[in-house]
Amino acid sequence: DTSVSLSTPTIRVRPLTCTETRRGDQQVVHSLGDGAVHVSAARHDATFGFSAVFDAGASQEAVFEGSGMRQLVELAIDGFSCTVFAFGQTGSGKTYTLMGPLAQSETQPASPALLGLMQRSFTCLLEQSRSRGSDLALSASYLEIYNEQVRDLLSPGPPCALPLRWSKTRGFYVENQLSVEFESLEAIVSLLLQGSQRRRTSAHALNRHSSRSHALLTIHIRSRAASACPSKQGTLCFVDLAGSERVKETGSSGELSVEANSINRSLLALGKSWGTRPGSPAGPHRIPVTSFVAHPPAGHCISLLAKPRGKRTHIPYRDSKLTRLLARSLGGSGITLMVACISPSSRCLSETLSTLHYASRARSVTTRP
Ligand code: ADP
Ligand code: MG
């Protein structure tokens, strides 16, 4: 086995919020340029290297263009299973990066400059569809995973858990999941808003609920052209992962520990599927990588994880619903883009270090020649 470093996640450090500034939090995370992130505090001083780092001054557009998101959309149109993951602790900017501040206030539409990776990708997708004479059939599904239960965020009525099934032809799929066709930006943005609103209002402890659940918006792209081979069906999936922070044990009820367990389980399974810690002995969970997309501009992480013929992949799909749902993206011919979100505040130091370690782990991917 030879470990090769193929790719690293994109890092996004958000600015200090007004509250953080007001209470005097120090900024302990600095971008040094060339993909280096420096964390400095009294007892910690560490530098991490990644392919792309966006700091507080980076615009939403810069993140879209510089992370490789546009290329990911194009690959999805070409028939690949593409996934973008946003991870990091609660409040680190995952939802902001994916959707912009619009998710925080439905009444006032966000300024176009603040739209997130999702809306920018939809625009790009619809432009491409139009330029191809609208031969792309587009539909969307929106799910959340909370305590290892899968719920449909698009279906009306009270949220109920849907069963996850497996079939030879479809792989893992969610039974009775709604998939809604759309042809305009307004239509897909409205689906996104409806779904995110449902995600937030489906529990009493609103904030906690959304930060303890994973949300997956998947765009299915099918070519209508008669000449297209039937296998040419791409997907573009946006995953807003549950906050990666440890749920405090103090005063934790049974419910809290169930939550913590299921989140830990899915993040761990995902981490394993991304590779193992550099320097650790060969584990059973490494992804054999035979090729990766070499042409995207330097400065972002897109890796093509291709399953070599006749070889077994050891992705721990069974470990969690999240990895089962993402089986196609994590193995097969999936292409993933990872965005690690970071708060610069001194109060978040330990979670920041843990996110950076988690992100570093995604760098080491193994090939089995
Ligand atoms: P998460 O989804 O990781 O819990 P949010 O996306 O909700 O975090 O962000 C937490 C807060 O920080 C929000 O008020 C959000 O508007 C703000 N924020 C996050 N990222 C940025 C950014 N890059 N620029 C400005 N504000 C940001
Ligand atoms: Mg969020």
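This one's a predicted model, so the numbers in the text were calculated from it and none came from an experiment.

Cut-offs applied
- Residues numbered from 1 in each chain as written.
- Chains lettered and ligands numbered in written order.
- Predicted model: local features only at pLDDT ≥ 70, side-chain atom pairs only at ≥ 80, totals over all residues.
- Heavy atoms only, no water.
- Core = buried A, V, L, I, M, F, W, Y, C linked by side-chain atoms within 4.5 Å.
- Buried < 20%, exposed > 50% of the residue type's maximum accessible area, 1.4 Å probe, protein only.
- Contact = heavy atoms within 4.5 Å.
- UniProt positions renumbered as here; feature names shortened; annotations may be inferred.
- Helix = DSSP H or I, 4+ residues; strand = E, 2+ residues; numbered from the N terminus.
- Expected span 1.5 Å × (residues − 1).
- Salt bridge = Lys/Arg side-chain N within 4 Å of Asp/Glu carboxyl O.
- Pairing = 2+ DSSP bridges.
- Axes fitted to C-alpha atoms, helices over the stretch in contact; angles between N-to-C directions.
- Near = heavy atom within 4 Å.
- Polar contact = N/O pair within 3.5 Å; in protein donor to acceptor, adjacent residues only side chain to side chain.
- Areas by Shrake-Rupley, 256 points an atom, 1.4 Å probe, with all protein chains shown as cover.
- Nonpolar A, V, L, I, M, F, W, Y, C, P; charged D, E, K, R; others polar.

### With respect to the nonpolar core
Then comes step 1: Ranked by internal contacts, the top residues of the largest apolar core, which has 43 residues, are M69, F122, I219, L236 and F238.
Then comes step 2: Contacts of I219, omitting those with residues within four sequence positions, involve F122, L125, S139, A140, F182, I188, G234, T235, L236 and F238.
Then comes step 3: Membership of the second largest hydrophobic core comes to 32 residues, among which are F85, L143, V239 and I342.

### Focus: the UniProt feature "binding site: ATP" (unreviewed entry) in the protein
Then comes step 1: Mapped onto this numbering, the UniProt entry gives "binding site: ATP" (unreviewed entry) at G88, Q89, T90, G91, S92, G93, K94 and T95.
Then comes step 2: Among the structural elements, G88 can be located in the loop between β7 (81–87) and α4 (94–99).
Then comes step 3: Classification of G88 by relative accessible area gives buried; the value is 0%.
Then comes step 4: In contact with G88, other than residues within four places in its own chain, are K94, A242, G243, S244, C341 and T355.
Then comes step 5: The exposure class assigned to G93 is buried, which follows from its relative accessible area of 17%.

### A closer look at helix α5 (residues 117–131)
Then comes step 1: Here α5 contains 15 residues, and its C-alpha end-to-end distance of 21 Å stays within 8% of the 21 Å for a straight helix at 1.5 Å per residue.
Then comes step 2: Within the span of α5, buried status applies to L117, M118, Q119, R120, S121, F122, C124, L125, L126 and S129.
Then comes step 3: Of the residues one or two after α5, G133 is the one with positive phi, at around 70 degrees.

### Things to note about the pattern of salt bridges
Then comes step 1: Counted according to the given criterion, the structure contains 9 salt bridges.
Then comes step 2: As a salt-bridge pair, R23 and D25 come within 2.9 Å of each other at their nearest N and O atoms.
Then comes step 3: Of the residues examined, D25 reaches a relative accessible area of 8% and is grouped as buried.
Then comes step 4: Here D25 and R347 are joined by a salt bridge, their closest N and O atoms 3.3 Å apart. Here R347 lies in the loop between β17 (333–342) and α11 (349–361) and D25 lies in the loop between α1 (18–22) and β3 (29–33), a separation of 322 residues in the sequence.

### Re the pairing of strand β5 (residues 44–49)
Then comes step 1: Summarising the sheet, strand β4 (residues 36–41) and β5 pair through 6 bridges and their orientation is antiparallel. When the sheet's bridge partners are listed, V37 is paired in β5 with F48.
Then comes step 2: Connecting the antiparallel pair β4 and β5 is a turn made up of 2 residues.

### A short note on the sheet that holds β5
Then comes step 1: Across the sheet, which stays open at both edges, the 3 strands sit in the order β3-β4-β5 with antiparallel pairing between neighbours. Looking at strand neighbours, the two that pair on one side only are β3 and β5, the edges of this open sheet. Ignoring strand direction, the axes of neighbouring strands in this sheet form an average angle of 20 degrees.
Then comes step 2: Sheet topology note: the β3/β4 ladder contains 4 bridges and is antiparallel. Note on β4: the bridge partner recorded for V29 is V39.
Then comes step 3: Packed onto the sheet, α11 meets β3, β4 and β5 and runs at close to 30 degrees relative to β5.

### Notes on the site of ligand 1
Then comes step 1: Neighbouring ligand 1 are 12 residues; G91, G93, K94, T95 and Y96 lie closest to it.
Then comes step 2: A distance of 3.0 Å separates an oxygen atom of ligand 1 from a polar atom in the backbone of G93.
Then comes step 3: In the environment of ligand 1, an oxygen atom lies 2.8 Å from a nitrogen or oxygen atom belonging to the side chain of T95.
Then comes step 4: Contact with the protein chains hides 74% of the accessible area of ligand 1, taken as 560 Å² for the molecule alone.
Then comes step 5: Sorting elements by how many residues they give to the shell around ligand 1 places α4 first, with 3 residues.
Then comes step 6: Here the residues of the shell around ligand 1 are counted per class, giving 2 nonpolar, 7 polar and 3 charged.

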